[in-house]
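Architecture at a glance
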Amino acid sequence: MGFRKDFLWGGATAANQCEGGANEGNRGVANVDLMPLGEDRYLVGTGKMKMYDFDDQHFYPALTAVDFYHHYKEDIALFAEMGFQALRISIDWSRIYPQGDDEYPNQEGLDFYHCVIDELLKYHIEPVVTISHYETPLHLVQKYGSWRNRKMIDFFMNYCQTIFKRYKDKVKYWMTFNEINNTINFLPDDASDEAYQEAYQHLHYQFVASARAVQIGHEIDPENKIGCMICGITYYPLTSDPEDILFNRSKWEKGIFYCGDVQCKGKYPTFTKRLWKEHNVQLDITEQDLEELKKGTVDMYTFSYYMSQAVTTHKNDDTVSGNMSFGVRNPYLEYSDWGWALDPKGLRYYLEMIYDRYEKPLMVVENGLGAYDKIEEDGQVKDDYRIDYMKQHIIEMKKAVDEDGVDLMGYTSWGCIDLVSAGTGEMKKRYGFIYVDKDNEGNGTLKRYKKDSFEWYKQVIASNGEKL
Ligand code: BG6
């Protein structure tokens, strides 16, 4: 059997991690521009440290990133050479509406993405567009408190309407909010009731915004396929203690199913009451909102998968953190240079579990290995560890398709070209098939080099995942 004939193989990026060109094309300042490299990044990202202006003590990697803004033709040509059938990009809201609440969109921003999309179509590469990949105009954060405020729904709708209309007939695949569930995942288990209140409210407004976007997107073009995007983590109980089993269940409910259920089934799941009660959460939810959720269920479930996470209620000092999640070391697994569990079987488990729950087409829109790469004097990068990581994950994907009948639409590996790490702001945490000469502090020629994985992925695509 194998993967579907129209399976979409490709790669994934996000504007704030690859574009740069922050001060060009009339773009406004985005919240992520102010996420510095170094220790303060986590504090700014979690809102524990307010940073609304640039200073000389910090380096802000998103401002220049890998300069896709000026290199997109060269980069897309390389993706085409690998045979990409899809490229996931995000549109940076602050290029389209620099302040977020502007009356008219910014023509230069619209034109930029028009050119990028046309360049992709020239090579028959499907653009897969994330509407919001952690990028929000800073003005909306400062003036309205971002997603704490219901008004955000209208600003977001305005933005969605503009891009759905402008790129009609060019873009068919969309997703609303990248890793929407991280608002909850990011909270430590002992977070305060106020933090939970804020996170659940923020999510509710995003759910409504997403559901309205799905409806508008379908009205503008019935061909549009609009998905949710979930940070996929396979949680395991570390022991068979029933307390651990229940704790693990709560991780799935809170971290994975809560968002997926609302966006795929159009209503809050039954366990919601318990989750809210645990933290005395009282939300602003109207009847109209609940109607919108019902009408705006997504067409597909897209997700990222890098790792699994073991969790326990027992005292255990061997803690590990991973992609927006916290847990303890799983003795059966190996860990990456950044301490993320390497667990291809966890991907199969996730695919089967989610497909069984929603019966909607799935797409893996992020997967890959962040590693230290060494460039040899002759420009070669021997990244066999990356090839091995991806090979093992594709094997498990294939089993999920062949043996369990999962309807999998595509696979876009993360950071198909080296880009800035979202978690750490580093450049040296590399994921790409293409090496970019740039270091953590922003030095380098920006020259692009093909890694060994480049040729490998080319044959994977050409054989529709048969030649690994
Ligand atoms: C996901 C994000 O969380 O993981 C990406 O959607 C991110 O933006 C990716 O880059 C990998 O995480 P990191 O921290 O290694 O960049």
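Structure first, text after, so check above.
Before going into details, it helps to say that this report is about the structure given with it. (Residues numbered from 1 in each chain as written. Predicted model: local features only at pLDDT ≥ 70, side-chain atom pairs only at ≥ 80, totals over all residues. Heavy atoms only, no water.)

Bringing helix α15 (residues 452–462) into the picture now. For α15, the set of buried residues is Ser453, Phe454, Trp456, Tyr457, Val460 and Ile461. Taken down its axis, α15 places every buried residue within 165° of arc, on the same side. Residues of α15 that are buried make contact with β1 (8–12), α3 (68–82), α14 (384–404), β12 (408–414), β13 (434–436) and β14 (448–450). Of the residues trailing α15, Asn464 is marked for its positive phi of about 50°. (Buried < 20%, exposed > 50% of the residue type's maximum accessible area, 1.4 Å probe, protein only. Helix = DSSP H or I, 4+ residues; strand = E, 2+ residues; numbered from the N terminus. Arc of directions from axis to C-beta. Contact = heavy atoms within 4.5 Å.)

Right, let's get into the packing of helix α9 (residues 193–220) against helix α10 (residues 242–265). Contact geometry for α9 and α10: axes closest at 10 Å, N-to-C directions at 30°. By the angle between their axes, α9 is roughly parallel relative to α10. As α9 runs across α10, the sense of the crossing is right-handed. Where α9 abuts α10, its residues Tyr196, Tyr200, Leu203, Phe207 and Ser210 lie against Lys254, Tyr258, Cys259, Val262 and Gln263. A per-class count over the contact of α9 with α10 returns seven nonpolar, two polar and one charged. (Axes fitted to C-alpha atoms, helices over the stretch in contact; angles between N-to-C directions. Parallel < 35°, antiparallel > 145°, perpendicular 65-115°, else oblique. Left-handed = near helix turned anticlockwise from the far one by under 90°. Nonpolar A, V, L, I, M, F, W, Y, C, P; charged D, E, K, R; others polar.)

Within the structure, the ligand sits among 15 residues, and Gln17, Glu179, Glu366, Lys429 and Tyr431 are positioned closest to it. Within the side chain of Glu179, an N or O atom sits 2.6 Å from an oxygen atom of the ligand. Trp414 places a side-chain nitrogen or oxygen 3.2 Å from an oxygen atom of the ligand. Among the residues making up the shell around the ligand, the classes are represented as six nonpolar, six polar and three charged. (Near = heavy atom within 4 Å. Polar contact = N/O pair within 3.5 Å; in protein donor to acceptor, adjacent residues only side chain to side chain.)

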